[in-house]
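What follows is the residue order along each chain.
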Amino acid sequence: MALNGTGGYTGSEVSRVRSSHRFIPFVMASLAACFLLVGCGSGGDTAKDSGGTKPGDSTTQPDANKKKIVVGFSQIGAESAWRTANTQSIKDEAVKRGIDLKFLDAQQKQENQIKAIRSFIAQKVDVIAFSPVVETGWEPVLQEVKKAGIPVIVSDRRPDVPDDLYVTFIGSDFVQEGQRAADWLVKKTGGKAVIAELEGTVGSAPANDRKKGFDEVIAKNPGMKIVFSQTGEFTRAKGKEVMEALLKSPTGSQITALFAHNDDMAIGAIQAIEEAGKVPGKDITVVSIDGIHDALQAIIDGKLGCSVECNPLLGPPLFDAIEAVLAHKDLPKRTVMKDDQFDISNAAQVLPDRKY
Ligand code: AHR
């Protein structure tokens, strides 16, 4: 069943999507009752598709036969502590709600995510959710999903596609995270710094947007200069490697501040700074994003100045959205996660309860 190709997923389209994927357990109960009471069918598609209840089978309990929601989720990989916490949140929430989650890890490759999405279409899952590793290149596969009549929910990073190719997008505001990191740094350094920037995965929404937000604020402060900017691929190992090389170069010796697009790269870079005989937090002020456990500890240890939170616990809002879309409820196009900010004023208070 194809959608009409002109608009997004309206309530009636989702309704057709849902019945085509045999997911109408509570509607099924009323239809079964209708068949029993008025003899309005002879065991046609609806009863068969809705999980095994047959007209005339008066012993069947609708709830016992309720068909599980099947969700396909394509995850980027396991590059950071943030990602691990995000995966756990999604898996835990699926188990909690009794949802059949088909979870595939793309190991940082867009081609693997496209393959995963195609396999979810072939399996006729009820909903497809994904976190796109990069921003561009998603339109053809999402058109295929639309043709198959399966609703798409975007988690964490938005792909650069027309709005009608997904139902809703849940995640943090990455531009604002970059701005908040820069605001903190301006304040901390009195508006004077020679900055190195460790960027996230090339072409990814958080790398693009955090850079945009950070650079915008820095550009308004003439005493602040970004003299180095390179990807550290959101990993601790790469963050360390890039920082090591930088500190050996003439540019590296001038650096007084570091902005890392995530905590893992910042922690890797802090190791490199220490191994180069410098003192993180004194010689080089470090600011990053995510708010993971190790970052809070590094703040308490005086090595990391600030971590702007990016909330990875997307499982609950994601599955709320999945259930809502299948229940024909209207959803906002965008849900922005609430994020905090940590520095020496609050890190010790937050650390004991930090799960990731
Ligand atoms: O998309 C969210 C980002 O991806 C996190 O900040 C980073 O740690 C992760 O890898």
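A. Summary view of the pairing of strand β7 (residues 224–231). Note that strand β6 (residues 193–199) and β7 share 7 bridges and pair parallel. Among the inter-strand pairings, A193 is bridged to a residue of β7, identified as M224. The handedness of the β6 to β7 crossover, carried by helix α8 (residues 205–219), is right-handed.

B. Molecular detail of empty space enclosed by the protein. The final tally for this structure, using the stated rule, is 2 cavities of 30 Å³ or more. Estimated volume of the largest cavity: approximately 100 Å³. Considering the residues around the largest cavity, the lining is formed by 13 residues, among which W82, R83, R157, R210 and F234 are closest to the centre. Partitioning the lining of the largest cavity into residue classes produces 5 nonpolar, 2 polar and 6 charged.

C. The arrangement of the side chain of E135 in detail. Here E135 lies in the loop between β3 (127–130) and α6 (139–148). The buried charged residue E135 lacks any salt bridge, with R158 as its nearest oppositely charged partner at 6.0 Å. Setting aside anything within four residues of it in sequence, one finds E135 in contact with R158, P159, D160, G203, S204, A205 and N208.

D. Region of interest: the pairing of strand β2 (residues 100–105). Bridging between strand β1 (residues 70–75) and β2 involves 6 bridges; their strand directions are parallel. Among the inter-strand pairings, F73 is bridged to a residue of β2, identified as F103. Between β1 and its parallel partner β2, the chain crosses via helix α4 (residues 81–97), and the hand of that crossover is right-handed.

Rules of the game
Residues numbered from 1 in each chain as written. Predicted model: local features only at pLDDT ≥ 70, side-chain atom pairs only at ≥ 80, totals over all residues. Heavy atoms only, no water. Pairing = 2+ DSSP bridges. Helix = DSSP H or I, 4+ residues; strand = E, 2+ residues; numbered from the N terminus. Right-handed = clockwise from strand over helix to strand, strands pointing away. 1 Å grid on protein atoms, 1.4 Å probe; cavity = no way out; pocket = protein on both sides within 12 Å on 5 of 7 lines; lining within 4 Å. Points joined across faces, edges and corners; volume = space filled by probe spheres on them. Nonpolar A, V, L, I, M, F, W, Y, C, P; charged D, E, K, R; others polar. Buried < 20%, exposed > 50% of the residue type's maximum accessible area, 1.4 Å probe, protein only. Lys, Arg positive; Asp, Glu negative; His and termini not counted. Salt bridge = Lys/Arg side-chain N within 4 Å of Asp/Glu carboxyl O. Contact = heavy atoms within 4.5 Å.

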